[in-house]
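# Report on the structure
Below are the chains, spelled out letter by letter.
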Amino acid sequence: MEKSCTLLVYFDKATPALANEIKESLEGNDVELKIEALKKAIMLLLNGETIPQLFITIIRYVLPSEDHTIQKLLLLYLEIIDKTDSRGKVLPEMILICQNLRNNLQHPNEYIRGVTLRFLCRLNETEIIEPLIPSILSNLEHRHPFVRRNAVLAIMSVYKLPQGEQLLDSAPEIVEKFLISEQDHSSKRNAFLMLFTCAQDRAVNYLFNHIERINDWGEQLQMVVLELIRKVCRTNKAQKGKYIKIIISLLNVPSTAVIYECASTLVSLSSAPTAIRAAANTYCQLLLSQSDNNVKLIVLDRLNELRISHREIMVELVMDVLRALSTPNVDIRRKTLDIVLDLITPRNVDEVVMTLKKEVVKTQNLEHEKNGEYRQMLVQAIHSCAIKFPEVASTVVHLLMDFLGDTNVASAIDVVVFVREIIETNPKLRVSIITRLLDTFYQIRAARVCSCALWIIGEYCLSLSEVESGISTIKQCLGELPFFTVTEEGEVQDSGLKKVQQVNSTTVSSRRPAILADGTYATQSAALETAMSPPTFVQGSLSSTGNLRSLILSGDFFLGAVVACTLTKLVLRLEEVQPSKVEVNKASIQALLIMVSMLQLGESSVLPQPIDNDSRDRIILCIRLLCNTGDEIRKIWLQSCRESFVKMLDDKQCRETLESKAKAQISNAQPDDLIDFYHLKSRKGMSQLELEDEVQDDLKRATGEFTKDGDDANKLNRILQLTGFSDPVYAEAYVTVHHYDIVLDVTVINRTKETLQNLCLELATMGDLKLVERPQNYTLAPESSKQIKANIKVSSTETGVIFGNIVYETSSNLLERNVIVLNDIHIDIMDYISPASCADVAFRTMWAEFEWENKVAVNTVLQDEKEFLDHIIKSTNMKCLTPPSALEGECGFLAANLYAKSVFGEDALVNVSIEKQADGKLGGYIRIRSKTQGIALSLGDKITLKQKGGT
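Structural notes, computed from the coordinates. (Residues numbered from 1 in each chain as written. Predicted model: local features only at pLDDT ≥ 70, side-chain atom pairs only at ≥ 80, totals over all residues. Heavy atoms only, no water.)

## Quick notes on the sheet that holds strand β9 (residues 785-794)
Spelled out, the test is: Strand pairing requires that DSSP identify at least two bridges connecting the strands. The helix count covers DSSP runs of H or I at least four residues long, the strand count covers runs of E at least two residues long, and both are numbered beginning at the N terminus. Geometry is summarised by axes, namely lines fitted to C-alpha atoms with helices restricted to the contacting stretch, and by angles between N-to-C directions that run from 0 to 180 degrees.
Within the open sheet, the five strands sit side by side as β3-β4-β5-β9-β7. Their pairing is antiparallel. Two strands close off the open sheet at either side, each with one partner strand: β3 (719-721) and β7 (769-771). Between one strand and the next, the sheet's axes are offset by a mean angle of 30°, whatever the strand orientation. Bridge analysis of strand β4 (residues 729-738) against strand β5 (residues 741-750) gives 10 bridges, and the strand direction is antiparallel. Its bridge partner being in β5, Y734 is matched across the sheet by D745.

Written out as structure tokens, the structure reads:
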């Protein structure tokens, strides 16, 4: 049996000490050798050795020593030796140490007195402590605070013993008198803690008798006062109002630890607006005054909790929370923006957006490694504001368009997506946005940003001047045609191409698989994922080699197809707004020349990679369309594209509305719940705060917020049977998984007619699980039961297994150990992951970066693609990122992206690609990717187990 231990000492098992060597060193006169010998003796005891022969030697040769180190080690030795026999009686030789302890308690040196008093706090033997009580009490009057504070703790530990009230029945009264006269803050804290633990009424009386001086008490005592208030208010809610006033008065003390605890206590005890506002203001002050990033993150978590439960109060403090953006840490900034975006109202949106604009401008001026990522977060935040409140879009859209040429591609993509949505939802801004976009188009350096910007130009250039400017801008960015010429010697004579070929030789070779929207793989060049940096080109090349020309010459023919489509739309629209047929034909011919030149470049051997079939077919379609236009085709190109985009925006808005409604949990009161009408209550002697608190409690009760979330039926599902009904000991466990902790509440029932002794629940784990403590030994009477709790720490998202057995001895045969093997407890990965959302761009980026992939073949009895997808979503607790509109229809093929996040911040990505085969069965693959191996394997096993359907 393992004993509880209060010491943690490193012990090197490779160098065991011999008892005889220790004994010789202890008997000598060398102090250093005695210290080393005592340390070795303590380490041997901690390792399970008994060495009883050393006790008398230590009493004779170590006890009389005056050395402080030896005396401290001696007390550690006395703490861990067995002081009782097998029947629980104190060993006779222990009486020998009583006189030494009494001498120590009367020693002239305060250190010896203090450490001895601390040693007595860990003694449980009444026979040893009883003769020392007068000496302990006398130390309450010692001149040194170190002795007095430890004397109070010793009195508390004696009073808490099973027979403590008989040993020291006047302890609360003695400590209360001591508390009134004591001046040292630590001693007062210990005395108040003793009253709080052993005589709560006296602690409460002392608190209210000295309430006017509470702000002058030390930080340690104030923390204990808050602990007392929490305990009292839980047991006696009627007295809550007067205690809340004490907490609010403590908010003015200089200690940041105390005011943080005050704010937390206020939130936990009261829902009164005054109390919540005070707590929120305190958190905001801490957020700005503390320099430690960890503290800021903790405070932001508390503010986020207030945002969920008391949004209307947090709305008032939104600008205070925004000031946290001055911290350079990206995680703090992200968390701050997440909180603020949910607190925006028509009243504060202008102020918030103004602050965000200032922050965007700052990212231009400061050279910081995370500036690009921060700018991207700000753009997304402004985008969110502008969608909720369209009236602010006009104030930010032109500022953000300056960042279309940002070297951070993700940030630039966010800007162009924002512009695309605003130009549709705010028709008044169309002209100014198009003008600005055409003016700044040449600055765009990323292919994906160019593609989106070209789509905007093609769809929203409506007037004659806009269409002509659009065509002119594209021609200017493409440069002179053709893209290359070949001399008789076969040499390429395009300077721009030579420059780009140098770039291409270093970038196109860096290729990686990318997942397309339909779930298939495509190989893409890393050069297209990152912005082209201006230093690639020589000075002054911006005008001679336009951005479109450079990207097309680098092999990006998808962009070439987008250019062709944009020119086609512009020419079709020019036919509608340009009365002169000559000008229309001229523009059409120029567009055809550009398209043919791109085809010529793609089918030549100049570039290492030829044009892909999709881009080639798209460009040829545009050429045919310009050569032979019809009304039906014109309607598709000029109207249907825009209508599809509007439908996509409406669908996105609808999904966001449904999600926000789902998050707003509506709780209802039970039919038989009591409802108090506060208007009929007496208000005599009640302050405004107490009245507010009463009202809020009544409202909570009326709206059902006091009802428990947990359903009894769900609890029963969490109970696991560990042993059989025919086993002599029946055991079952209730498993609670809470983020980083797993709590096993094991019920053990003795089904025999005998007393079971030394019954121990032995557990072991597999996976990233770790037992926090070993359960103790118990004695179980016939047909009685016992609740045993075991705590297990979780360190990563992985399916773990807990296994073990119950070991016990029967009263009829103490020598024989009986073992019952327990059923394994499987900790499900579903307990750690929860559905989450991420942008399509972020999903693809993570998919390309994550190393671990688990590929699971589809094997199911289900025959409907949508039904199978819903089954996988339900089984894996993930969220489908692919919009429902993209999954509609019957085509025999389905591809969808799923996403979830673990409590440890890990990302889980799943791509489902399935098709209906000729025999009606579903085939395909489910691919799982993650940064860590555990989550990919565990999720794969879960899908393999669940995908059959019906389970």
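## Things to note about the pattern of salt bridges
Rules: We count a salt bridge whenever a side-chain nitrogen from Lys or Arg sits within 4 Å of a carboxyl oxygen from Asp or Glu. Only protein chains enter the area calculation, which uses a 1.4 Å probe; residues under 20% of their type maximum are buried, those over 50% are exposed, and those in between are partly exposed.
All told, the structure shown has 30 salt bridges when counted by the stated rule. With a closest N to O distance of 3.9 Å, R213 and E212 form a salt bridge. Taking relative accessible area as the criterion, R213 reaches 42% and is therefore assigned partly exposed. The partner of R616 in a salt bridge is D617, and the shortest N-O contact between them spans 3.9 Å. Assessed through its relative accessible area of 32%, R616 is described here as partly exposed. Several salt bridges converge on common partners, so that one network encompasses D331, R334 and E373.

## A closer look at the side chain of S930
The cut-off we apply is this: Side-chain atoms alone can form a polar contact between residues adjacent in sequence; in general such a contact is a pair of N or O atoms within 3.5 Å, and within protein one must be able to donate a hydrogen while the other accepts it. In what follows, residue pairs with any heavy atoms lying within 4.5 Å of each other are defined as contacts.
Take S930: it is sitting in strand β18 (residues 922-930). For S930, the side chain forms a polar contact with the main-chain oxygen of T932, separated by 2.5 Å. For S930, the residues in contact, after removing those within four places along its chain, are F850, E851, W852, D907, I935 and A936.

## Quick notes on helix α24 (residues 393-401)
Every buried residue of α24 is listed here: A393, V396, V397, L399, L400 and M401. Looking at the buried residues of α24, the elements they touch are α22 (349-365), α23 (371-388), α25 (409-425) and α26 (430-440).

## Thoughts on the packing of aromatic side chains
Condition: Each aromatic pair joins two rings of Phe, Tyr and Trp (for Trp, the six-membered one) with centres within 6.5 Å, and gets the label stacked for planes under 30 degrees apart, edge-to-face for over 60, and tilted for any other angle. Two thresholds decide whether a charge sits over a ring: the Lys NZ or Arg CZ must be within 6 Å of the ring centre and within 35 degrees of the ring normal.
Evaluation of the coordinates by the stated rule reveals eight aromatic pairs. Summarising the aromatic geometry, the rings of F192 and Y206 are spaced 6.2 Å apart at their centres and angled 55° between planes, so their arrangement reads as tilted. Of this pair, F192 sits in helix α12 (residues 185-198) while Y206 sits in helix α13 (residues 200-209); the two residues are 14 residues apart in sequence, bridging distant segments of the chain. One exposure class covers both F192 and Y206, and it is buried. By the ring-pair criterion, three or more aromatic residues cluster together here, those being F192, Y206 and W217. Positioned above the aromatic ring of F208, the side-chain terminus of K242 is 4.9 Å from the ring centre. Residue placement shows K855 over the ring face of Y925; its charged tip is 4.3 Å from the ring centre.

## Concerning unusual backbone geometry
The step from L481 to P482 runs through a cis peptide bond, and the omega angle for that step is -5°. Residue placement: P482 occurs in the loop between α28 (464-478) and α29 (495-507). One non-glycine residue, E783, adopts positive backbone phi at about 60°. Residue position: E783 is located in the loop between β8 (778-780) and β9. Notably, N877 is not glycine yet its phi reads approximately 60°, a positive angle.

## Observations regarding the pairing of β9
Here β5 pairs with β9 via nine bridges, running antiparallel. Its bridge partner lying in β9, I742 is registered against I792. As defined by bridge partners, β7 adjoins β9 across three bridges and the pair is classed as antiparallel. In the strand pairing of β9, L769 is matched with V794.

## Focus: the packing of α23 against α25
Operational definition: Under this scheme an angle from 65 to 115 degrees is roughly perpendicular, one under 35 degrees roughly parallel, and one over 145 degrees roughly antiparallel; angles in between are oblique. In this scheme the crossing of two helices becomes right-handed for a clockwise turn of the near helix relative to the far one and left-handed for an anticlockwise turn of less than a right angle. Polarity classes work like this: nonpolar for Ala, Val, Leu, Ile, Met, Phe, Trp, Tyr, Cys and Pro, charged for Asp, Glu, Lys and Arg, and polar for all others, with Gly in that last group.
Contact geometry for α23 and α25: axes closest at 8 Å, N-to-C directions at 15°. As judged from the angle between their axes, α23 and α25 are roughly parallel. As α23 packs across α25, the resulting crossing turns out to be left-handed. Mapping the contact onto sequence places G372, R375, Q376, V379, Q380, I382, H383, A386 and I387 in α23 and A410, S411, D414, V415, V417, F418, E421 and I422 in α25. Taken together, the residues of the contact of α23 with α25 sort by class into nine nonpolar, five polar and three charged.

## Points about the environment of L567
In this fold, L567 is placed in helix α33 (residues 557-577). The class of L567 is buried, set by a relative accessible area of 1%.

Just geometry here; none of it tells us what the structure is for.
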